[in-house]
Amino acid sequence: FELLGYEYIGLIYNFVDEIAHQATSESLKFNNLENFLDESEFSAVINNLLDKNFRVYLCSDHGNLYCKGNGFNPSRDLIEKRASRSVLYRSRELAENEEFENKLVLKFPNIIGEEYILTMKNRRKFGNSEPGFTHGGVNIEEVIIPFIEVIG
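Anyway, here's the lowdown on the structure attached to this text. Computed from a prediction, not measured in an experiment: that's the story for all the values here.

### What about the packing of aromatic side chains?
Reasoning step 1: Scanning all chains against the criterion turns up 8 aromatic pairs.
Reasoning step 2: Ring centres of Phe100 and Phe126 lie 5.5 Å apart, and the angle between their planes is 85°; this geometry places the pair in the edge-to-face category. Taken together, the positions of Phe100 in the loop between helix H4 (92-97) and strand E5 (103-106) and Phe126 in the loop between strand E7 (124-125) and strand E8 (132-135) put the pair 26 residues apart, joining distant regions of the chain.
Reasoning step 3: Through a chain of ring-to-ring contacts, three or more aromatic side chains come together here, namely Tyr13, Phe15, Phe36 and Phe42.

Below you can see the structure in the form of structure tokens.
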């Protein structure tokens, strides 16, 4: 591709996120990612940028955490939204009523409004599914944005 004399460019690729959300197992996730990288022009684009003396950085919109299920599945009838590591409730009473180990109830009215976040103090996720990566939650590994420089 032609860079048209630009000194700085920003490219957004979301293939990792799409592959991660579509995979039904960890091994399938990594196999699909490897196949995509083999068949795509991603490495050619990066190498072209490096050849033209661009500094190349890769980052994500959030970090990831490896965790396993805690055996608890919140009732879908009582929650507003659900993710693997947190659940939103309209009232503190509903959030406090749930019983499982290491429960943590949070409220950030300036960020999410009047809803309550139910999560865990430890590195676990809801449910009994096999251990795996989850992302975008409240643990430090999930809120730090991975950022690397590609060196040619």
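### Brief notes about the nonpolar core
Reasoning step 1: One finds Phe72, Ile79, Val87, Tyr89, Ala95, Phe100, Val105, Tyr116, Leu118, Met120 and Phe126 forming the largest nonpolar core, which totals 11 residues.
Reasoning step 2: Of all the secondary-structure elements, those providing two or more residues to this core are strand E4 (87-89) and strand E6 (116-120).
Reasoning step 3: Here the element with the most residues in this core is E6; it accounts for 3 residues.
Reasoning step 4: Sequence-distant contacts of Phe72, that is, excluding residues within four places in its chain, are made with Glu98, Glu99, Phe100, Phe126 and Gly127.

### As for the sheet that holds E4
Reasoning step 1: In spatial order, the strands read E3-E4-E6-E5; together these 4 strands make up an open sheet with antiparallel pairing. If you trace the sheet from one side to the other, it starts and ends with strand E3 (81-82) and E5, each paired once.
Reasoning step 2: Direction of pairing for E5 relative to E6: antiparallel, over a ladder of 4 bridges. Its bridge partner lying in E6, Leu106 is registered against Ile117.

### So, the packing of helix H1 (residues 15-22) against helix H2 (residues 26-39)
Reasoning step 1: Axis separation between H1 and H2 bottoms out at 9 Å; the angle between their running directions is 145°. For the crossing formed where H1 meets H2, the hand is right-handed. Contacts between H1 and H2 involve Phe15, Val16, Ile19 and Ala20 from the former and Lys29, Asn32, Leu33, Phe36 and Leu37 from the latter.
Reasoning step 2: Its residues assigned to classes, the contact of H1 with H2 shows 7 nonpolar, 1 polar and 1 charged.

### Quick word on the pattern of salt bridges
Reasoning step 1: Tallied over the entire structure, the rule returns 5 salt bridges.
Reasoning step 2: Arg92 is the partner of Glu96 in a salt bridge, and the nearest nitrogen-oxygen pair spans 3.4 Å. Note that Glu96 and Arg92 are positioned in helix H4 at a spacing of 4 residues, about one turn of the helix.
Reasoning step 3: Given a relative accessible area of 34%, Glu96 falls into the partly exposed group.
Reasoning step 4: Put simply, Glu141 and Arg123 hold a salt bridge, and the shortest N to O gap is 2.9 Å. Of this pair, Glu141 sits in helix H6 (residues 140-143) while Arg123 is found in the loop between E6 and E7, placing the two residues 18 residues apart along the sequence.

Here is what the cut-offs are and how they apply
Residues numbered from 1 in each chain as written. Predicted model: local features only at pLDDT ≥ 70, side-chain atom pairs only at ≥ 80, totals over all residues. Heavy atoms only, no water. Phe/Tyr/Trp six-rings, centres within 6.5 Å; stacked < 30°, edge-to-face > 60°. Helix = DSSP H or I, 4+ residues; strand = E, 2+ residues; numbered from the N terminus. Core = buried A, V, L, I, M, F, W, Y, C linked by side-chain atoms within 4.5 Å. Buried < 20%, exposed > 50% of the residue type's maximum accessible area, 1.4 Å probe, protein only. Contact = heavy atoms within 4.5 Å. Pairing = 2+ DSSP bridges. Axes fitted to C-alpha atoms, helices over the stretch in contact; angles between N-to-C directions. Left-handed = near helix turned anticlockwise from the far one by under 90°. Nonpolar A, V, L, I, M, F, W, Y, C, P; charged D, E, K, R; others polar. Salt bridge = Lys/Arg side-chain N within 4 Å of Asp/Glu carboxyl O.

The values are spatial; any link to function lies outside them.
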